[in-house]
Amino acid sequence: NVYNVSYDKAWEASKDAVVDAGGRLNEEDKAQGYIIGTFGMSAFSWGEKVSIFLTALDKNATEVEVVSKRALATNVTAKNWEPTIHKQIKNNLQ
């Protein structure tokens, strides 16, 4: 998704989106453009890992890619966090 905001605003909104959605920030590198978070175990899942990749397209446009992976490959009930994170990023930018 492309957001019509600066890289810095998209970065902060993306970091906050992980926490706001109930995740934990594990690693981040603003210069390299990635954020890694995790979501814990639940009654339906062994947990998920979420990676967010940001690319500045220009001073007022930033591409944000969210990738959600199961912590355990055989966990077919794991949640796909991509839509939730993008929705939260949009909310954080308002």
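Residues numbered from 1 in each chain as written. Predicted model: local features only at pLDDT ≥ 70, side-chain atom pairs only at ≥ 80, totals over all residues. Heavy atoms only, no water.

Enquirer: It is not clear to me how the packing of aromatic side chains should be interpreted in this structure. Could you clarify?
Expert: By convention here, two paired aromatic rings are described through the distance between centres and the angle between planes. A complete count under the given rule lists one aromatic pair for this structure. Here Tyr7 and Trp11 contribute two aromatic rings whose centre-to-centre distance is 6.3 Å and whose plane-to-plane angle is 20°, an arrangement assigned as stacked. You can see Tyr7 and its partner Trp11 sitting in helix H1 (residues 7-20), four residues apart, about one turn around the helix. Assigned by exposure class, Tyr7 and Trp11 land together as buried. (Phe/Tyr/Trp six-rings, centres within 6.5 Å; stacked < 30°, edge-to-face > 60°. Helix = DSSP H or I, 4+ residues; strand = E, 2+ residues; numbered from the N terminus. Buried < 20%, exposed > 50% of the residue type's maximum accessible area, 1.4 Å probe, protein only.)

Enquirer: Can you help me understand the nonpolar core in this one?
Expert: In terms of nonpolar packing, the biggest core is built from 18 residues, with Val50, Ile52, Leu54, Val64, Ile85 and Ile89 touching the most fellow members. Going through the elements one at a time, H1, strand S3 (34-39), strand S4 (48-58), strand S5 (61-70) and helix H2 (82-92) are the ones with two or more residues in this core. The leading source of residues in this core is H1, at six residues. Those residues in contact with Ile52, other than ones at most four positions away along the chain, are Ser14, Val18, Gly33, Tyr34, Ile35, Val64, Glu65, Val66 and Ile85. (Core = buried A, V, L, I, M, F, W, Y, C linked by side-chain atoms within 4.5 Å. Contact = heavy atoms within 4.5 Å.)

Enquirer: Sorry, what's going on with the side chain of Ser14 here?
Expert: Along the chain, Ser14 turns up in helix H1. Leave out the neighbours within four places in its chain, and Ser14 touches Ile35, Ile52, Leu54, Val64 and Ile89.

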